[in-house]
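Analysis of the macromolecular model
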Amino acid sequence: MADVKCPGQDTRYWKKGDIFDVRCPKCGKEVEFFKDDVRRRCKCGRTIVNPKLDLACAEWCQHAEKCVDGLPAELKAKKAEEKRKRK
Ligand SMILES: [Zn+2]
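The rules behind these values
- Residues numbered from 1 in each chain as written.
- Predicted model: local features only at pLDDT ≥ 70, side-chain atom pairs only at ≥ 80, totals over all residues.
- Helix = DSSP H or I, 4+ residues; strand = E, 2+ residues; numbered from the N terminus.
- Buried ≥ 20, exposed ≤ 12 C-beta atoms within 10 Å, placed from the backbone.
- Contact = placed C-beta atoms within 7 Å.
- Pairing = 2+ DSSP bridges.

1. A look at the overall build of the protein chain
- A count of helical and extended segments in the protein chain gives two helices and four strands.
- From first element to last, N terminus to C terminus, the protein chain shows the α and β order β-β-β-β-α-α.
- Across the 87 residues in the protein chain, those meeting the buried criterion constitute 8%.
- Considering only intrachain contacts with a sequence separation of at least 6, the fraction spanning at least 24 residues in the protein chain is 22%.

2. Focus on the pairing of strand β2 (residues 30-34)
- Along β2, the buried face is formed by V31 and F33; none of E30, E32 and F34, which line the opposite face, is buried.
- With five bridges connecting them, strand β1 (residues 19-23) and β2 associate as antiparallel partners. The partner of D21 across the bridge, within β2, is E32.
- Taking the residues between adjacent antiparallel strands as the criterion, β1 and β2 are bridged by six residues, where G28 takes a positive phi near 85 degrees.

3. A look at the environment of R39
- Along the polypeptide, R39 turns up in strand β3 (residues 39-41).
- According to the C-beta neighbour criterion, R39 is exposed, with 12 such atoms within 10 Å.
- Sequence spacing of R39 and L53 is 14 residues, and the spatial spacing of their C-alpha atoms is 8.9 Å.
- Those residues in contact with R39 that sit more than four places away from it in its chain are T47, I48, V49 and N50.

The values are spatial; any link to function lies outside them.
Shown next, in the form of structure tokens:
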């Protein structure tokens, strides 16, 4: 059972709207995002950052860095920031 994912990262538990399209600012094509995608690359080569980034459980879960592949530096910084605020 090594590959069990925490429920927050399992697409089966996702709601409508957790997958959405973001229009590429460069070419205008729609790029499909999953809500926990950090960024995706459009076919035109432009990298688009997820405007709705919501890693839900990754925000607080201590295993998030292992569970969510390549947790972005921005989120790590945000987590550190929130930790500081709580103190
Ligand atoms: Zn594009």
